[in-house]
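# Results of the structural survey
Given next are the chains, with one letter for each unit.
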Amino acid sequence: MRVSVFGLGYVGCVSAACLASLGHEVVGVDVNPVKVDLVNDGRAPVVEEGIGELVAEVVRSGALRATADVREAIRDSEVSLVCVGTPSEPNGSLCTTYLERVTEEIGAALAERGGRHTVVFRSTMLPGTCLNLLVPILEKYVGGTAGVDVGVAVNPEFLREGTSVRDFFDPPKTVVGELDPASGDVVAALYEGLPGEVFRVPVPTAEAIKYADNAFHGLKIGFANELGAVCQALGVDSHQVMDVFLADRKLNISPAYLRPGFAFGGSCLPKDLRSLVHAAQRADVSVPILSHVLPSNADHLQRAVELVERTGKRRVGLFGLSFKPGTDDLRESPLVELAERLFGKGYELRIHDANVNVSRLLGANREYIETRLPHLAQLLADSVDEVLEHAEVCLVGTRDPAVLAALPHGDAPVIIDLIHLPDAEARRAEPGYVGLAW
Ligand SMILES: NC(=O)c1ccc[n+]([C@@H]2O[C@H](COP(=O)([O-])OP(=O)(O)OC[C@H]3O[C@@H](n4cnc5c(N)ncnc54)[C@H](O)[C@@H]3O)[C@@H](O)[C@H]2O)c1
């Protein structure tokens, strides 16, 4: 394919040189004449393992050249890759100035050129930036409709600085956010022959995936470093701890606990986080990530309370009470906490949990319920139907098949889904359905 790459920084330079080596005919565009001249001299404007040799090779073979002339680049290409910078503004917001400028320039050049061309945004940008900000600019300058007259896609970059040339040829994944299938086909064709799974998703999903990845990477590093500092203060070999931690592919390095759902609870996680944070504080080790896990969890629970408040309705049903399926353990169950808050706010609450029967609760559980939710017995309903008959709003916190089968569709009662129900995707179109975080 004939490709123009806008922005010859880390991402653009590596993309341009690697695409050229895959057999595409590439022209790099940058507002900085020094970078343009460097590339035309066969030299890389960035320092990266292997990039110097690669740029020299593809420039020599004629597969890559550079220009500062947008019109010329657009005239000679069928797809543009936008790799301009999106730095932070002083207040932390995303600077989209370079993206807006380059989109105007590409749009103006396309208006003169005619014929279909696909604009692929590779820069990192917040969900909504492409469709709400850049597509209107492009349509205005092109004088046509995106997805019809001009292709648009978002193709975030997941390569690591330092090893990005190697990563390009063995990517962790390829994400194609497509406005229309034809635009997605163009991006997929660019990377044809490279290994790794290709995900074709809506444009805002592609934008968000990049943020999910980078937020998680930062979180992982911060977590490991905080845990290391606590271990060091407690005289424990942190690397040995993490060696064993990482060997657990069932619960640790796995998809476990990584789907948006309800708040966590139970008799272990809250207690153990509290005592670990307390031990760190006693040892004068600052652990801001670890010490904000429980507050984050409490805020998530509060989201459910606010969703109920927002309905303006008073008669509430709650399905599920124990802290996870198949147990009657109520200690630190987030659903008990939720019930308690709603009860405290005066909602008329009815609860059903097939595993919880007050007369059967023993020991610590019984004591827990008697101190934390003394009116539980009056709120508990024996049957699913009893709750459904009572409720204007139903909170669903269980996958109990009897509950799932009985949940009505439509606009009443309002269904507040706390756990991402198996049919959540279908229900999202229903007027009465509200997902907690989806
Ligand atoms: N650096 C990375 O490893 C990395 C990884 C993934 C994603 N990203 C994202 O990719 C984007 C680019 O990052 P980078 O590190 O390559 O940035 P960079 O600052 O190194 O390069 C950006 C280039 O764009 C050029 N430019 C600005 N306006 C232009 C215009 N109108 N026309 C042509 N060129 C223009 C600049 O002169 C500069 O050379 C950012 O959104 C970044 O967040 C970066």
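A quick note: this is a predicted structure, and the numbers were derived from the prediction, not measured. (Residues numbered from 1 in each chain as written. Predicted model: local features only at pLDDT ≥ 70, side-chain atom pairs only at ≥ 80, totals over all residues. Heavy atoms only, no water.)

### A few points about the nonpolar core
Counting 48 residues, the largest nonpolar core has Leu321, Leu338 and Leu418 as the members making the most contacts within it. Apart from residues no more than four positions distant in its own chain, Leu321 is found in contact with Leu330, Ser333, Leu335, Val336, Ala339, Ile351, Asp353, Val356, Leu376 and Leu380. With 37 residues, the next largest nonpolar core counts Val79, Cys83, Val120 and Phe168 among its residues. (Core = buried A, V, L, I, M, F, W, Y, C linked by side-chain atoms within 4.5 Å. Buried < 20%, exposed > 50% of the residue type's maximum accessible area, 1.4 Å probe, protein only. Contact = heavy atoms within 4.5 Å.)

### What about a nonpolar patch on the surface?
A cluster of nonpolar side chains, contributed by Phe216, Leu219 and Leu258, occupies part of the molecular surface with about 270 Å² of accessible area. Among the structural elements, Leu219 can be located in helix H9 (residues 203-233). (Patch = residues over 30% accessible without salt bridge, like charges linked within 9 Å, V, L, I, M, F, W, Y side chains within 5 Å. Areas by Shrake-Rupley, 256 points an atom, 1.4 Å probe, with all protein chains shown as cover. Salt bridge = Lys/Arg side-chain N within 4 Å of Asp/Glu carboxyl O. Helix = DSSP H or I, 4+ residues; strand = E, 2+ residues; numbered from the N terminus.)

### Focus: the domain arrangement of the protein chain
Taken domain by domain, the protein chain consists of domain 1 (2-203) and domain 2 (295-435). Its C-alpha centre places domain 1 at a distance of 48 Å from the equivalent point of domain 2. (Domains from an automatic or database assignment.)

### Regarding the site of the ligand
Around the ligand, a shell composed of 20 residues is seen, among which Val11, Asp30, Lys35, Thr86 and Glu161 lie nearest. A distance of 3.0 Å separates an oxygen atom of the ligand from a polar backbone atom of Tyr10. Across the complex, the protein chains shield 80% of the 830 Å² of accessible surface that the ligand would expose by itself. Broken down by secondary-structure element, the contributors of at least two residues to the shell around the ligand are helix H1 (10-21) and helix H5 (97-113). Taken together, the residues of the shell around the ligand sort by class into eight nonpolar, six polar and six charged. (Near = heavy atom within 4 Å. Polar contact = N/O pair within 3.5 Å; in protein donor to acceptor, adjacent residues only side chain to side chain. Nonpolar A, V, L, I, M, F, W, Y, C, P; charged D, E, K, R; others polar.)

### Considerations on the pairing of strand E4 (residues 79-82)
Where burial is concerned, the two faces of E4 agree: the one with Val79 and Leu81 and the one with Ser80 and Val82 are both buried. Both strand E1 (residues 2-6) and E4 contribute to a ladder of four bridges, which runs parallel. Note that in E4 the partner of Val3 across the bridge is Val79. As paired strands, E4 and strand E5 (residues 118-121) are joined by four bridges and run parallel to one another. The residue of E5 that forms the bridge with Leu81 is Val120. Once the chain exits E4 it traverses H5 before rejoining the sheet at E5, and the crossover so formed is right-handed. (Pairing = 2+ DSSP bridges. Right-handed = clockwise from strand over helix to strand, strands pointing away.)

### With respect to the pattern of salt bridges
Oppositely charged side chains can form a pair if their charged atoms are brought close together. Going through the model one piece at a time under the given rule, you end up with 21 salt bridges. The shortest N-O distance in the salt bridge between Lys271 and Asp272 comes to 2.9 Å. With relative accessibility at 45%, the residue Lys271 sits in the partly exposed group. Lys345 is paired through a salt bridge with Glu309; the nearest N and O atoms lie 3.0 Å apart.

### Things to note about helix H6 (residues 129-142)
When the terminal C-alpha atoms of H6 are compared, their 18 Å separation across 14 residues agrees well with the 20 Å that a helix rising 1.5 Å per residue should span. In the structure, H6 departs most strongly from a straight axis at Val135, where the bend amounts to approximately 35° and where the proline Pro136 lies between one and four residues downstream. Listing the buried residues of H6 in full gives Thr129, Cys130, Leu134, Val135, Ile137, Leu138 and Val142. The secondary structure elements touched by the buried residues of H6 are H5, E5, strand E6 (151-154) and H9. One or two positions beyond H6, positive phi appears at Gly143, with a value near 75°. (Expected span 1.5 Å × (residues − 1). Bend = angle between axes of the 7 residues up to and from the residue.)

### Focus: the sheet that holds strand E12 (residues 414-417)
Ordered in space as E10-E9-E11-E12-E13, the five strands form an open sheet in which the pairing is parallel. Pairing within the sheet leaves two strands with one partner each, and these edge strands are strand E10 (348-352) and strand E13 (433-435). Across the sheet, the mean angle separating the axes of adjacent strands is 20° when strand polarity is ignored. Taken together, the four bridges between strand E9 (residues 315-319) and strand E11 (residues 393-396) define a ladder with parallel strand orientation. Note that in E11 the partner of Val316 across the bridge is Val393. Set on the sheet, helix H13 (residues 293-311) makes contact with E9, E11, E12 and E13; between it and E12 the angle comes to about 165°. (Axes fitted to C-alpha atoms, helices over the stretch in contact; angles between N-to-C directions.)

### Some details on unusual backbone geometry
That bond from Ala412 to Pro413 is cis: its omega, -10°, falls within 30 degrees of zero. Residues other than glycine seldom take positive phi values, yet His420 does so here, at roughly 60°. Structurally, His420 is set in the loop between E12 and helix H19 (424-427). Overall, the relative accessible area of 29% leaves His420 in the partly exposed class.

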